[in-house]
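Architecture at a glance
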Amino acid sequence: LQIKTSGGLAQVQCTSGTVYLDEVDVQGNGSKNANAVRASSCKTVARRSKFRSNVGGLLIDKGELWMENSYVVDNGTVAAAFGAFKFIGDPKATITYSTIVKHRQTTSSSTFNCSGGNTNLVIRNSAIVGLTPTVAGCTFPMDMMMVPMLPGTKYHQAASVAEMDSVLGQTLKDIEIVTVN
């Protein structure tokens, strides 16, 4: 199923319910002011789905996000409030085996934006690449930590002690978040 350009606030919108996105391609065209997903007090489950080329990726206001084996790619604009993810009201979010890449710099961050802190954000076995700053206002679990800029590069790296099997066929041992200035 492909959902493309709703013209509203979001391609997919949920209020006080549950939405299952299995093998769904939510694609914007860059000219409409729509997020891929706008969920308020909802349980949002995304499996094997793509969220790409939207003004903003997934806005999760309270509720819960469970994402597995999905792609969040090329979201955000210079004037947008967020790129890939915006978490409001401390929702529970678990992202596993997913690829989160190529989000534009926005008014806050390219990848993760949290309002009111977020101690329930868990990311495992995923590849993440974003423009600096990648994270704004989010608190990650203790097993994820930001490390200094890599010498001689414009890249930052974040590592996790969680084990990874592979990303795109490459065997890895740590989650990596790479950001580009």
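An account of the accompanying structure is given in this report. Just so you know, these numbers come straight off a predicted model, no measurement behind them.

Procedures and definitions
- Residues numbered from 1 in each chain as written.
- Predicted model: local features only at pLDDT ≥ 70, side-chain atom pairs only at ≥ 80, totals over all residues.
- Heavy atoms only, no water.
- Helix = DSSP H or I, 4+ residues; strand = E, 2+ residues; numbered from the N terminus.
- Buried < 20%, exposed > 50% of the residue type's maximum accessible area, 1.4 Å probe, protein only.
- Contact = heavy atoms within 4.5 Å.
- Pairing = 2+ DSSP bridges.
- Axes fitted to C-alpha atoms, helices over the stretch in contact; angles between N-to-C directions.
- Core = buried A, V, L, I, M, F, W, Y, C linked by side-chain atoms within 4.5 Å.
- Disulfide = S-S within 2.5 Å.
- Salt bridge = Lys/Arg side-chain N within 4 Å of Asp/Glu carboxyl O.

Section: the overall build of the protein
- What the protein contains, in helices and strands, is zero helices and 22 strands.
- The 181 residues of the protein split such that 45% are buried.
- When contacts within the protein are restricted to residue pairs at least 6 apart in sequence, those whose partners lie at least 24 apart make up 58%.

Description of the sheet that holds strand 2 (residues 10-15)
- Pairing in this open sheet of six strands is parallel, and the strands run 2-5-8-11-14-17 from one edge to the other. Of all the strands in the sheet, just strand 2 and strand 17 (135-136) have a single pairing partner and so form its edges.
- By the bridge criterion, four bridges tie strand 11 (residues 85-88) to strand 14 (residues 112-115) in an arrangement that is parallel. In the strand pairing of strand 14, Ile88 is matched with Ser115.

Let's talk about the sheet that holds strand 12 (residues 92-96)
- One open sheet holds the five strands; their spatial order is 3-6-9-12-15, and the pairing between them is parallel. Of all the strands in the sheet, the pair left with one neighbour each is strand 3 (18-22) and strand 15 (121-124). Taking the axes of each pair of neighbouring strands and ignoring which way they run, one obtains an average angle of 5° across the sheet.
- Of the strand pairs in this sheet, strand 3 and strand 6 (residues 43-47) are connected by five bridges, and their pairing is parallel. From the neighbouring strand, Leu21 faces strand 6, where its bridge partner is Ala46.

Some remarks on the nonpolar core
- Ranked by size, the top nonpolar core spans 29 residues in total, and within it Phe51, Leu58, Leu65, Met67, Phe85, Phe87 and Phe112 carry the most contacts.
- At three residues, strand 5 (residues 35-40) tops the list of elements feeding residues into this core.
- What Met67 contacts, discounting residues up to four positions off in sequence, is Ala46, Phe51, Leu58, Val72, Phe85, Thr94, Ile95, Thr96 and Ser98.

Digging into the state of the cysteines
- Going through the model one piece at a time under the given rule, you end up with one disulfide.
- Between the sulfur of Cys14 and that of Cys42 lies a disulfide, 2.1 Å long from S to S. Its S-S torsion of about -95° marks the bond between Cys14 and Cys42 as left-handed, since a negative value means left-handed. A residue pair is termed long-range when its members are at least 10 positions apart, and Cys14 in strand 2 and Cys42 in the loop between strand 5 and strand 6 qualify at 28 residues. This pair shows no difference in class: Cys14 is buried, exactly as Cys42 is.

Thoughts on the environment of Leu65
- Structurally, the position occupied by Leu65 is in strand 9 (residues 64-68).
- For the pair formed by Leu65 and Pro91, sequence separation is 26 residues and the distance between their alpha carbons is 7.6 Å.
- Excluding its chain neighbours within four sequence positions, the residues that come into contact with Leu65 are Thr44, Leu58, Ile60, Phe85, Phe87, Lys92, Ala93, Thr94 and Ile95.

Considerations on the pattern of salt bridges
- Inspection of the entire model under this criterion finds four salt bridges.
- Two residues, Arg47 and Asp22, come together in a salt bridge whose shortest N-O distance is 2.9 Å. Of this pair, Arg47 sits in strand 6 while Asp22 sits in strand 3, and the two are 25 residues apart along the sequence.
- A salt bridge links Arg52 to Asp25; the shortest N-O distance between them is 2.5 Å. Residue Arg52 is located in strand 7 (residues 50-52), and its partner Asp25 is located in strand 4 (residues 25-27); the two are separated by 27 residues in the primary sequence.
- Here Arg52 falls in the partly exposed class, since its relative accessible area comes to 27%.
- Classification of Asp25 by relative accessible area gives buried; the value is 12%.

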